[in-house]
Amino acid sequence: MAKFVVPKEIHHGLGSLENLKEIKGKKAVIVIGGSSVKKNGSLEKTQAFLKEANIESVVFGGVEADPSIETVKKGAEFFTQEQPDVIVGLGGCSAIDAAKAMWVYYEYPESTLEELAAPFAVKTMRNKAYFVAIPTTSGTGTEITGLAVITDHEKGTKYPIVSHELTPDVAIIDGELCASMPAHVTANTGLDALSHSVEAYVSNIADRYNDALAKDSVDLIFKNLPTAYNEPENLEVRQAMHDASCMAGMAFTNVWLGIVHSMSHQLGGTFGIPHGCANAILMPNVIRYNSKVTDKYNDLAALFGKCNAQEFAVEVEKLRDAVGVVPSIKAYGIDEKTWNEKIDTLAENAMKDPCTLFNPRKPELEEIKAIYNACYEGKKINVDGLTCTIYS
Ligand SMILES: NC(=O)c1ccc[n+]([C@@H]2O[C@H](COP(=O)([O-])OP(=O)(O)OC[C@H]3O[C@@H](n4cnc5c(N)ncnc54)[C@H](O)[C@@H]3O)[C@@H](O)[C@H]2O)c1
Ligand SMILES: [Zn+2]
């Protein structure tokens, strides 16, 4: 038996932002990041559509990348002062995740981040407000997921708050809002979406509902990401990437992710390597490693007229190169001394990451280290998981 949870309403397509005109409520707080939603006009349009729905709106701005608990608490105080019955998260995933966490503190002011980070600790939501998510990056799928990632900079830790209670009520997937994304953000977020669909497809709790979404999302990303990177104003392609990211989000919020994410979380936290970039460095070798226990990568290779995991891993490398992402951790600029000092901790923490539980192959610590070291050098790991070969 399994359960499939997604938002009650998902509006998608170019111009779908206008569905805001139909939503119900009295007062909205719109949570945004920096200036991108002001510059690209999406904030102004959002406020105008809310006005047509007779909803008054106020803005909480300034959410930083990888939002902090301090920002979340400031936002929650603003909510308490303004008493919204609708929360709108508008922007990249950082703004939307911060809005989700502010919403929790608004409903439960006594919460602590440590408590909330315990699995499924979030109590019943929607006592004060419901949640509308409007993403402007095509990557994390937060508009769909029951997940918010918040950072405690004092403790140097990123906390995932996980609960289906955090699944937005309304998601708006309008590719027009993404046309202003810079090329490197398009590349990193698009490769993050690819890692969601590939990891969900081979998850050890995968099922056919999620397989269908994940596989089609892989296909869409390979067909559209290079064009989105090279022709930012191509709106059809922006919509295809936005849909793909959303479909990958539907799959992974239900069947979870694997060790690409377990390992990438450590590279992000320790070296600040952008999440999608770290995933794209790790993914080909994780595919090679996992292929010993699953033949599901063969289906993904078949999308290219190929037949096995090794060939699919090469297609991922080609896509990574096509959108200007570095092929190794060393090439990102991490020196060997620093790498050797950190590798043991990185591997130990990756083993403990919750995503490891859903990987199709149960890794040993030494195998995680071997995959990390191969990815550091830009070498190919062998399917045994412990030896690697130099790229020809
Ligand atoms: N909630 C989830 O399901 C989930 C899943 C994976 C990762 N995450 C978290 O998501 C965060 C990263 O989110 P992200 O990748 O969306 O990046 P982001 O929100 O940090 O945005 C990256 C940059 O792009 C800019 N930007 C966003 N949209 C733009 C647009 N349309 N035009 C111009 N500039 C734009 C932002 O202002 C920012 O400078 C991390 O904190 C990560 O841990 C969350
Ligand atoms: Zn991810």
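Model, not experiment: these values are computed from the prediction. (Residues numbered from 1 in each chain as written. Chains lettered and ligands numbered in written order. Predicted model: local features only at pLDDT ≥ 70, side-chain atom pairs only at ≥ 80, totals over all residues. Heavy atoms only, no water.)

Engineer: Any details on the site of ligand 1? Residues and values, ideally.
Structural biologist: Around ligand 1, a shell composed of 23 residues is seen, among which Asp66, Ser94, Thr137, Thr145 and Ser180 lie nearest. Within the side chain of Ser94, an N or O atom sits 2.7 Å from an oxygen atom of ligand 1. Within the side chain of Thr137, an N or O atom sits 2.8 Å from an oxygen atom of ligand 1. At the level of elements, helix H4 (93-107), strand E6 (147-152) and helix H6 (183-202) are the ones that each hand at least two residues to the shell around ligand 1. The element that contributes the greatest number of residues to the shell around ligand 1 is H4, accounting for three residues. (Near = heavy atom within 4 Å. Polar contact = N/O pair within 3.5 Å; in protein donor to acceptor, adjacent residues only side chain to side chain. Helix = DSSP H or I, 4+ residues; strand = E, 2+ residues; numbered from the N terminus.)

Engineer: Would you mind going over the nonpolar core in detail, with residue names and values included?
Structural biologist: Leu194, Met263, Leu267, Phe312, Ile329, Trp339 and Tyr372 are the most contacted members of the largest nonpolar core, which has 71 residues in total. Taken together, domain 1 (9-177) and domain 2 (183-389) each give at least three residues to this core, which thus spans both. In this structure, Ile69, Val72, Ala99 and Ala133 belong to the second largest nonpolar core, which totals 32 residues. (Core = buried A, V, L, I, M, F, W, Y, C linked by side-chain atoms within 4.5 Å. Buried < 20%, exposed > 50% of the residue type's maximum accessible area, 1.4 Å probe, protein only. Domains from an automatic or database assignment.)

Engineer: Got a sec to walk through the pattern of salt bridges? Specific residues and values, please.
Structural biologist: Scanning the entire structure with this criterion turns up 17 salt bridges. One salt bridge in this structure joins Glu165 and Arg126, with 3.6 Å as the shortest N-O distance. Residue Glu165 is located in the loop between strand E7 (157-162) and strand E8 (170-173), and its partner Arg126 is located in the loop between helix H5 (113-116) and strand E5 (130-135); the two are separated by 39 residues in the primary sequence. The class of Glu165 is partly exposed, set by a relative accessible area of 26%. For Arg126, a relative accessible area of 31% gives the class partly exposed. Note that Lys330 and Glu336 form a salt bridge whose closest N and O atoms lie 3.7 Å from each other. Overall, Lys330 belongs to the partly exposed group, its relative accessible area being 35%. (Salt bridge = Lys/Arg side-chain N within 4 Å of Asp/Glu carboxyl O.)

Engineer: Hey, could you go over the coordination of the zinc ion (ligand 2) for me, with residue numbers and the actual values?
Structural biologist: Of the protein atoms, only Asp192 (OD), His196 (NE2), His261 (NE2) and His275 (NE2) coordinate the zinc ion (ligand 2), at distances of 2.1 to 2.2 Å. Taken together, the four donor atoms surrounding the zinc ion (ligand 2) define angles of 85 to 169° at the centre, an arrangement classified as irregular. Ordering the donors of the zinc ion (ligand 2) by residue number gives the pattern D-x3-H-x64-H-x13-H. Here His261 is found in helix H9 (residues 259-271), whereas its partner His275 is found in helix H10 (residues 275-290), with 14 residues between them in sequence. You can call His275 partly exposed: its relative accessible area is 28%. (Donors = N, O, S within 2.8 Å, 3.2 Å for Na, K, Ca; no water. Tetrahedral: all angles 85-135°; square planar, octahedral: opposite > 155°, others 65-115°.)

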